Amino acid sequence: MNKFLSLMTASLLISGCASGPPAPEWQSQAFAALERYTSAYLSGNTRVAEFEFERARGEIARTGRPDLMARIELLRCATQVASLELTSCDGYQALAGDAPPAEQAYASFIRGQWAGLDATRLPQHYQALLKRAQAPAERNDGPAAMATAHSHGELHQMQDPLARLVAAGALIQREPLVITDTDLAVETASGQGWRRPLLAWLGVQLKHHQTVGNAAAAAGIQRRIDLMLQKTETRKAP
């Protein structure tokens, strides 16, 4: 089991319902399905991802616990945010009233809704980022407070790649990212071989260099995108 794939499933499912070994069958089955979902989704395999997520939902439904169903829906939302698929998270919203305060805080965090958010309710690796973001907002709540992009060293300090991409996806909903932060997200996804978020973050990187008129950098990024998009065609060749 790779740590970066089990991070969110462990924090959103197992830590909230484990009662000691041995784990109930539904729990181990749901955990395994969520791991496979996360891996497939980040790899860009939508069909497998959807199948595994529905399998996890089926296992959770056996418990009759809407709070656990809210957790796995929140996991799906966070994985989408890491890939810059910024949806309204309808599956979670339908169950948000049954989610405990920590999950509600996490839901606000990944949507970039940080005003008044209690950092202590978040996983520890996000707390410093939130606290720094909130500090200037408390001094100036006007539009200018959001207008200036700056580097977020907290992203670089996050050791878990999935957590880092989730944080970057949350940040970009609040303010423009400087190119060093975008570069970090690109190389994080690339290093893990996560095709879906890599294509999304390459798109952000490409747009930046096109906007500032850096044609050489934009051309290099486009070559990376083209290489990834040609992969499927290459596999089909005789």
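See the structure shown above.
Residues numbered from 1 in each chain as written. Predicted model: local features only at pLDDT ≥ 70, side-chain atom pairs only at ≥ 80, totals over all residues. Heavy atoms only, no water.

Asks: Hey, could you go over the overall build of the protein for me, with residue numbers and the actual values?
Replies: When you go through the protein residue by residue, the secondary structure sums to 13 helices and zero strands. What you see in the protein, going N to C, is helices and strands ordered as α-α-α-α-α-α-α-α-α-α-α-α-α. By sequence separation, contacts in the protein at least 24 residues apart represent 60% of the contacts at least 6 residues apart. Here the protein displays about 11,800 Å² of accessible surface, and carbon together with sulfur accounts for 53% of that area. (Helix = DSSP H or I, 4+ residues; strand = E, 2+ residues; numbered from the N terminus. Contact = heavy atoms within 4.5 Å. Areas by Shrake-Rupley, 256 points an atom, 1.4 Å probe, with all protein chains shown as cover.)

Asks: Describe the environment of Leu-162, naming the residues involved and giving the relevant values.
Replies: Looking at the secondary structure, you find Leu-162 in helix α10 (residues 161–172). The exposure class assigned to Leu-162 is buried, which follows from its relative accessible area of 0%. For Leu-162 and Thr-188, which are 26 residues apart along the polypeptide, the C-alpha to C-alpha distance reads 8.4 Å. (Buried < 20%, exposed > 50% of the residue type's maximum accessible area, 1.4 Å probe, protein only.)

Asks: Got a sec to walk through the nonpolar core? Specific residues and values, please.
Replies: Within the largest apolar cluster, 64 residues are counted, with the highest numbers of intra-cluster contacts made by Tyr-92, Phe-109, Ile-110, Trp-114 and Tyr-126. Tallying contributions element by element places helix α4 (residues 66–82) first for this core, with ten residues. Ignoring sequence-local partners within four residues, the contact set of Phe-109 consists of Trp-114, Leu-117, Leu-122, Tyr-126, Leu-129, Ala-167 and Ala-170. (Core = buried A, V, L, I, M, F, W, Y, C linked by side-chain atoms within 4.5 Å.)

Asks: Please set out the environment of Leu-86 residue by residue, giving values where relevant.
Replies: For Leu-86, the position within the fold is in the loop between α4 and α5 (90–93). In this structure Leu-86 comes out as partly exposed when scored by relative accessible area, which is 42%. Sequence separation between Leu-86 and Arg-111 is 25 residues; the distance between their C-alpha atoms is 8.1 Å.

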